[in-house]
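# Reading the structure
Spelled out, the chains give:
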Amino acid sequence: MITRINFDIEGFGKYLDEVPFITTMPGMYDAEMLYQGYNPDDPASFEECYDWKVYKHFLEKGKITEDPQESMARSLHDHFVLKGVNSLLSCYSQKSKVVGVMGGSAMLRTDEAYRNVAVFSKYLTEKGSLLVSGGGPGAMEATSLGALMAGRDEKCIDEAIEILSEAPRYTDERYLEMAFRVLERFPQTGKYECLAIPTWLYGHEPTSPFASKIAKLFENSVREDMLLTISYGGLVFAPGSAGTMQEIFQEAVQNHYLTLEMSSPMVFLDTKYWTEDIPVYPFLQDLMKKGKYRNLLLSITDSPLEAARIIEDFQNTL
């Protein structure tokens, strides 16, 4: 015997009117929407912006909420944002043109790895790829910065990094302000797209305003799976820690089982990091030799342009 749970539909409608987020999003966010209420000249104004109000509500209600009305409201929000993602992806008839970049949020704006990711992303964006990242700081921000610089001289990346270097860590008070200073100098042109998929689960990490499309979600598990699944064109792994490790092995499993009926390139950017500091690359090679993994398309390089060409070569085979 199945017992039905009574749910107050009328009360739910009133609840939707009170939550600080838009449950029936008309699509995805952009920086203007997400940071509505924020003034770069007043760092304290961040607590008045849409993004922070939603994050504060998220914490108050619980990261994992037992309130059915809150749970349904979050699900509705994510549903409509994901419709926006699907609409954007439908513009890329060749799925291999969607390329993901994974890497750590602790990466400094002044690190060589940050610039490498930006150069890689700029090149592939100009070649017609849609670059996708988790939307946070570090390697994720560098991805969006590179896409923002598409169509501009590579020297613009260095100019932007010089501005950003005044607040290299995402915990720095002027971190977000410097990002908006870069946008003042290099505004979106509308010619190129870049997709960021952040989450309020990591709401303490500022979402990069450089991405033209921001699909911010409540459910991190949905976000993690989507980042890997839609990146048919391959994934580049920049230096990172626990989260990046998880993504490496999750992607390896997808490729091993040909979950999407194909295997996509796994390109590791920074040879020393991935063979000595965190020796994941030789570990995966060894597992391939032992037959524990199959179908992995592994490569490693220190050159962002070589990494981009590995992805290009793969795209040209499809």
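This is a predicted model, so every value here is computed, not measured. (Residues numbered from 1 in each chain as written. Predicted model: local features only at pLDDT ≥ 70, side-chain atom pairs only at ≥ 80, totals over all residues. Heavy atoms only, no water.)

### Quick notes on the side chain of S129
For the record, the criterion: Secondary structure elements follow DSSP: runs of H or I no shorter than four residues count as helices, runs of E no shorter than two count as strands, and numbering proceeds from the N terminus. N or O atoms within 3.5 Å of each other form a polar contact, as long as, within protein, one can give a hydrogen and the other can take it, and as long as residues adjacent in sequence are counted only when both atoms are side-chain atoms. By the convention used here, residues are in contact when the closest approach between their heavy atoms is within 4.5 Å.
With respect to the secondary-structure elements, S129 resides in the loop between α5 (112–126) and β2 (130–133). Only 3.0 Å separates the side chain of S129 from the side chain of Q315, close enough to count as a polar contact. Not counting chain neighbours up to four residues away, the residues in contact with S129 comprise Y92, K97, V99, L124 and Q315.

### What to know about the packing of helix α7 (residues 155–164) against helix α8 (residues 175–185)
Threshold: Axes here mean lines fitted to C-alpha atoms, for a helix over just the part in contact, with angles spanning 0 to 180 degrees between N-to-C directions. Take the far helix as your reference; a near helix turned counterclockwise from it by less than a right angle gives a left-handed crossing, and one turned clockwise gives a right-handed crossing. Residues are grouped as follows: Ala, Val, Leu, Ile, Met, Phe, Trp, Tyr, Cys and Pro are nonpolar; Asp, Glu, Lys and Arg are charged; all remaining types, including Gly, are polar.
Here α7 crosses α8 at 145°, and the two axes come no closer than 8 Å. For the element pair α7 and α8, the recorded crossing hand is right-handed. Contacts between α7 and α8 involve E159, A160, I163 and L164 on the former and, on the latter, M178, A179, R181, V182 and R185. For the contact of α7 with α8, the class distribution of residues is six nonpolar, no polar and three charged.

### Digging into the sheet that holds strand β7 (residues 297–301)
Here is the rule: For two strands to be treated as a pair, DSSP must find at least two bridges joining them.
An order of β4-β3-β2-β1-β5-β6-β7 is seen for the seven strands of this open sheet, with the pairing classed as parallel. Looking at which strands have only one partner, the edges of the open sheet turn out to be β4 (213–214) and β7. Of the strand pairs in this sheet, strand β6 (residues 265–269) and β7 are connected by five bridges, and their pairing is parallel. Following the sheet pairing, V267 is matched in β7 by S299. Its contacts with the sheet place helix α6 (residues 139–148) against β1 (98–102), β2 and β3 (194–196), and it is angled at close to 160° to β2.

### Quick notes on the pattern of salt bridges
Note the threshold: When a carboxyl oxygen of Asp or Glu is within 4 Å of a side-chain nitrogen of Lys or Arg, the pair counts as a salt bridge. Buried residues are those whose accessible area, probed at 1.4 Å on protein chains only, stays under 20% of the maximum for their type, while exposed residues exceed 50% and partly exposed ones sit between those limits.
All told, the structure shown has 15 salt bridges when counted by the stated rule. For the salt bridge of E70 with R74, the shortest nitrogen-to-oxygen distance reads 2.8 Å. Separated by four residues within a single helix, E70 and R74 lie in helix α4 (residues 68–89), roughly one turn from each other. One salt bridge in this structure joins D277 and K272, with 2.9 Å as the shortest N-O distance. When its relative accessible area of 41% is taken as the criterion, D277 is described as partly exposed. Overall, the relative accessible area of 45% leaves K272 in the partly exposed class. Here the salt bridges share partners, and the residues they tie into one network are D41, E166, R174, E177, R181 and E184.

### Observations concerning the environment of V98
Residue placement: V98 occurs in strand β1. Classification of V98 by relative accessible area gives buried; the value is 3%. Spatially, the C-alpha atoms of V98 and P40 are 32 Å apart, while their sequence positions differ by 58 residues. Dropping the residues within four chain positions of it, V98 is found in contact with L89, Y92, L130, V132, I230, S231, Y232, G233 and G234.

### Quick look at the environment of M140
Within the secondary structure layout, M140 lies in helix α6. With a relative accessible area of 8%, M140 lands in the buried category. Each C-alpha atom of the pair M140 and G100 lies 9.8 Å from the other, and the pair is 40 residues apart in sequence. Apart from residues lying up to four places away in sequence, M140 is in contact with G103, S105, S133, G134, G135, E205 and R223.

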